[in-house]
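The lines below spell out each chain.
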Amino acid sequence: MSTRSVVLAAVIGLSLTACGDGGPTSTAVYSGGDSYESVMVGSTKRWYRLHIPTRTTPGPLAPLVVAFHGYGQSAEGLELQSGLDAAADAAGVIVAYPEAYYGTWDVNGELEELLQVYDVDFARALVAQVRANHVVDRRKVVAVGMSNGAVFVHRLACLAADDFAGFVSVAGAMLRNVAAACQPLNPMSVLHVLGSSDSYFPPAGGSAVFPADSGVAFWAGRAGCGSGRRSGTLPDTARDGLPIATTTWTGCPSGVSVGMVRISGGGHAWPGATIPPNEESFGRMSRSYNASRAVMDFARAVVRK
């Protein structure tokens with residue numbers, strides 16, 4: 001766990017009003033920075049990194065992205081690898097990077113029983129603290145996870161849909177036992193990004209995890225989308241020979257989007273990462289699709305119901 005921290009600059013201007021659902025409709029001016037923060041979850045202190053962009057002219061309150069790292073990774077590791085900070089600066093989005101207590105996220109509730117580690121409560125407490133201290137649009141709080149973090153955000157969406165508007169799953173999948181008990185309080189927007197050659201989470205799924213199509217279809221059904229799908233492709237701008245196919249579910253409620261991006265030949269990777277993975281261990285990474293920019297576009301577009 002990194003001990004590096006830098007001082008977060010103070011919010012320099014804020015005006016708050018409320019709309020019908022309690023969400024803010026104000027403008028704000030703020031200066032940014034990076035810090036290492038803590039929040040108490042019961043009697044346990046939990047840590048997260050926080051990145052605030054700088055905006056010197058009045059604008060809307062910022063979406064909040066909560067980014068969950070992979071197994072054995074760290075909050076700072078995902079921050080450096082993904083390029084989320086640069087994308088957040090361009091989009092005016094706040095990013096928090098939670099730190100797993102034992103290097104892994106509790107994807108099915110076992111750590112709660114065995115070790116009294118409450119990761120869902122941690123996510124809720126983090127969101128509450130950032131919202132209380134910074135210029136966050138409460139209607140636009142989203143989670144994103146990589147690998148083990150991606151598996152966890154499926155569970156988080158089931159249990160904390162009142163805090164999150166949606167989630168992005170990168171190189172992960174939904175557990176079948178989580179789906180069996182999943183009853184989200186609100187429709188959730190979903191973006192699932194995967195590689196067709198991911199050996200850790202194959203698109204075909206397995207005994208414990210849904211196939212990718214089934215997992216996203218599950219969320220489309222829970223959100224009240226129609227059964228129709230619209231398919232498309234994205235250009236191979238990097239000419240790396242990894243075709244990109246998109247699927248979007250139609251008939252979703254206003255403000256809700258459900259979709260999937262499948263990278264043909266892509267491995268267990270964060271597409272467009274600043275630090276590419278070791279291809280021998282994890283497979284190939286698309287440079288044509290930038291997952292970090294996609295996360296920011298997702299966060300700005302969704303609206304919590």
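Keep in mind the model is a prediction, meaning the values are calculated, not measured.

Q: Which parts of the structure should I look at to understand the packing of aromatic side chains?
A: Any aromatic ring pair is given by two values, namely how distant the centres are and how the planes are angled relative to each other. For the coordinates displayed, the defined rule picks out 10 aromatic pairs. Relative to Trp-47, the ring of Tyr-36 has its centre 5.5 Å away and its plane inclined at 20 degrees; by these criteria the two rings are stacked. Taken together, the residues Tyr-36 in strand 3 (residues 33-41) and Trp-47 in strand 4 (residues 44-52) connect sequence positions 11 residues apart. Judged by its relative accessible area of 13%, Tyr-36 falls in the buried class. For Trp-47, a relative accessible area of 30% translates into the label partly exposed. Seen in terms of ring centroids, Trp-105 and Phe-152 are 5.6 Å apart; in terms of plane orientation they differ by 25 degrees. Their pairing is stacked. Of this pair, Trp-105 sits in the loop between strand 7 (94-98) and helix 3 (110-115) while Phe-152 sits in helix 5 (residues 148-159), and the two are 47 residues apart along the sequence.

Q: How should the state of the cysteines be read in this particular structure?
A: Linking two cysteines covalently via their sulfur atoms produces the bond known as a disulfide. One pass over the full model with this rule turns up two disulfides. At a sulfur-sulfur separation of 2.1 Å, the disulfide partner of Cys-158 is Cys-182. The disulfide joining Cys-158 to Cys-182 has a torsion of about -105 degrees about its S-S bond and is therefore left-handed. One end of the pair, Cys-158, is in helix 5; the other, Cys-182, is in the loop between helix 6 (176-180) and strand 10 (189-195), with 24 residues separating them in the sequence.

Q: Looking at this model, I keep getting lost on the packing of helix 4 (residues 119-133) against helix 5. Mind explaining?
A: Working note: a packed helix pair is described by the angle between its axes plus the distance between those axes. Where helix 4 contacts helix 5, the axes come no closer than 10 Å and their chain directions differ by 70 degrees. Overall, the two elements helix 4 and helix 5 adopt an arrangement that is roughly perpendicular. Packed against helix 4, whose contacting residues are Asp-119, Val-120, Ala-123 and Arg-124, the element helix 5 presents Phe-152, Arg-155, Leu-156 and Leu-159 at the interface. Residue classes in the contact of helix 4 with helix 5 are distributed as five nonpolar, no polar and three charged.

Q: Help me out: how do you make sense of unusual backbone geometry in this one?
A: As a rule of thumb, non-glycine residues mostly have phi less than zero, and peptide bonds are mostly trans rather than cis. Its identity as a non-glycine residue notwithstanding, Ser-147 has a phi of 60 degrees, on the positive side. As for its placement among the helices and strands, Ser-147 is situated in the loop between strand 8 (136-146) and helix 5. For Ser-147, a relative accessible area of 12% puts it in the buried group.

Q: Got a minute to help me understand the nonpolar core in this structure?
A: Considering soluble globular proteins, one finds that nonpolar side chains tend to be buried as a cluster. Counting residues in each nonpolar core, the largest one holds 61 residues, and the members touching the most others are Leu-64, Phe-68, Leu-156, Phe-164, Met-174, Trp-219 and Val-258. Beyond its immediate stretch of four places on either side in the chain, Met-174 contacts His-154, Cys-158, Ala-179, Cys-182, Ala-208, Val-209, Phe-210, Phe-218 and Trp-219. Core analysis: the second largest hydrophobic core is formed by 36 residues, Val-65, Ala-88, Val-93 and Ile-263 among them.

Q: What exactly am I supposed to notice about the packing of helix 2 (residues 84-91) against helix 9 (residues 291-301) here?
A: Contact geometry of helix 2 with helix 9 gives a least axis separation of 8 Å together with a crossing angle of 40 degrees. Classified by the interaxial angle, the pair formed by helix 2 and helix 9 is oblique. The chirality of how helix 2 crosses helix 9 is right-handed. Contacts between helix 2 and helix 9 involve Leu-84, Ala-87, Ala-88 and Ala-91 from the former and Ser-292, Arg-293, Val-295, Met-296 and Arg-300 from the latter. Split by residue class, the contact of helix 2 with helix 9 holds six nonpolar, one polar and two charged.

Q: Is there a simple way to explain the environment of Phe-68 in this structure?
A: The residue Phe-68 is located in strand 6 (residues 62-68) in this model. What makes Phe-68 buried here is its relative accessible area of 1%. Sequence separation of Phe-68 and Val-153 is 85 residues, and the distance between their C-alpha atoms is 7.8 Å.

Definitions and limits used
- Residues numbered from 1 in each chain as written.
- Predicted model: local features only at pLDDT ≥ 70, side-chain atom pairs only at ≥ 80, totals over all residues.
- Heavy atoms only, no water.
- Phe/Tyr/Trp six-rings, centres within 6.5 Å; stacked < 30°, edge-to-face > 60°.
- Helix = DSSP H or I, 4+ residues; strand = E, 2+ residues; numbered from the N terminus.
- Buried < 20%, exposed > 50% of the residue type's maximum accessible area, 1.4 Å probe, protein only.
- Disulfide = S-S within 2.5 Å.
- Axes fitted to C-alpha atoms, helices over the stretch in contact; angles between N-to-C directions.
- Parallel < 35°, antiparallel > 145°, perpendicular 65-115°, else oblique.
- Contact = heavy atoms within 4.5 Å.
- Nonpolar A, V, L, I, M, F, W, Y, C, P; charged D, E, K, R; others polar.
- Core = buried A, V, L, I, M, F, W, Y, C linked by side-chain atoms within 4.5 Å.
- Left-handed = near helix turned anticlockwise from the far one by under 90°.

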